[in-house]
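Here's the letter readout for the chains.
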Amino acid sequence: MTVQDKGIVVTGAGHGIGRALAARMAAEGGRVVVNDIDADAAAAAAAAIGGHAVPGDLGTEEGVAALVAAARAELGAIDVWFANAGIDRGHGLDAPEEDWEAALGINVLSHVRAARLLVPDWVERGGGRFVATASAAGLLTMLGSPVYSVTKHAAVAFAEWLSATYRHRGVVVQAICPQGVRTRMLDGAGPLQELLSHDSAISPEDVAEAVWQALQDDRFLILPHPEVAGYYATRATEPDRWLHGMNKLQRRLEDRGAFS
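Residues numbered from 1 in each chain as written. Predicted model: local features only at pLDDT ≥ 70, side-chain atom pairs only at ≥ 80, totals over all residues. Heavy atoms only, no water.

1. Some points on the pairing of strand S6 (residues 171-176)
(1) Moving on: Among the six residues in S6, six count as buried, and that is most of the element.
(2) Moving on: Taking every second residue as pointing to the same face, both faces of S6 are buried, with Val 171, Val 173 and Ala 175 on one and Val 172, Gln 174 and Ile 176 on the other.
(3) Moving on: Two elements, strand S5 (residues 128-133) and S6, share six bridges in a ladder whose sense is parallel. Among the inter-strand pairings, Ala 132 is bridged to a residue of S6, identified as Ala 175.
(4) Moving on: In this region the chain leaves S5, passes through helix H5 (residues 146-166) and returns to the parallel neighbour S6; the handedness of that crossover is right-handed.
(5) Moving on: Here two bridges tie S6 to strand S7 (residues 221-222), and the two strands are oriented parallel to one another. (Buried < 20%, exposed > 50% of the residue type's maximum accessible area, 1.4 Å probe, protein only. Helix = DSSP H or I, 4+ residues; strand = E, 2+ residues; numbered from the N terminus. Pairing = 2+ DSSP bridges. Right-handed = clockwise from strand over helix to strand, strands pointing away.)

Below, the structure is given as structure tokens:
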């Protein structure tokens, strides 16, 4: 695959994985629209790669529609959409309703709302690509964070549905599912940082490289940490063994005071 002269949108691209994806796509010749809720970060990221900044909050239907409209006005057509924006809100069973609503809005519904606006055009044109940044938490789980776990599972599920429904119409769908990545989210993970970095934390640029390689063969699951495939297989084939192991980790974290 080439992205030369393709119209590309990367959401949540002011920092971390999104910024690395935007930079890699621009380096490969793509015309990139950089979105982030942080307007200054979006502007800086866009300026660094010769892209176009469109700041905005994707937590609402209006916010997603505004980004799609602005990107089309800038690019002419959107060929690739990186649904990368995501938040980690709410920990434990007592996570408040507003955290669930915020995470569902960004981590799941922003994908749905973008696809509603993008897919009909892609079907008519015979091609388009939707790449969702989920997480290994979307294939496994995230101890301590039911909100993140559930919404990232939902992000993977929606991507699966989209692929199963539209792949014969030329729409390629992929899901990025890394473990620990050296971003602000990992820095703020507190006691969970060690767990997330168990198989080594990688850089956002490493994720972008894994994504670039996956774009070449259209594989659905993009696993910057290859060992996640083994964990995912164990979860699917030996769920009780896998849950026992996860509960063992939970107890270890509790003994360290991680969830006190």
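Structure shown, so let's carry the discussion forward.
2. Some details on the nonpolar core
(1) Moving on: Core analysis: the biggest nonpolar cluster contains 43 residues, and Val 9, Ile 78, Trp 81, Trp 122 and Phe 130 have the highest contact counts within it.
(2) Moving on: Among the secondary structure elements, those contributing two or more residues to this core are helix H3 (61-75), strand S4 (80-83), helix H4 (97-125), S5, H5, S6 and helix H10 (239-255).
(3) Moving on: Ignoring sequence-local partners within four residues, the contact set of Val 9 consists of Val 33, Leu 67, Ala 71, Leu 75, Ile 78, Val 80, Trp 81 and Phe 82.
(4) Moving on: Residues Ile 17, Leu 21, Trp 212 and Ala 214 belong to the second largest nonpolar core, which totals 28 residues. (Core = buried A, V, L, I, M, F, W, Y, C linked by side-chain atoms within 4.5 Å. Contact = heavy atoms within 4.5 Å.)

3. Quick look at unusual backbone geometry
(1) Moving on: If you check the backbone angles, Asp 5 has positive phi at about 65° while not being a glycine.
(2) Moving on: One non-glycine residue, Asp 218, adopts positive backbone phi at about 60°.
(3) Moving on: One can find Asp 218 in the loop between helix H8 (204-215) and S7.
(4) Moving on: A residue is classified by how much of its surface remains accessible, and Asp 218, at 35% relative accessible area, is partly exposed.

4. Thoughts on H4
(1) Moving on: The terminal C-alpha atoms of H4 lie 40 Å apart, and with 29 residues this matches the ideal 42 Å at 1.5 Å per residue to within 8%.
(2) Moving on: In H4, a bend of some 50° at Leu 109 exceeds every other bend along the element.
(3) Moving on: Once H4 finishes, Gly 126 follows within two positions and takes phi at roughly 90°, a positive value. (Expected span 1.5 Å × (residues − 1). Bend = angle between axes of the 7 residues up to and from the residue.)

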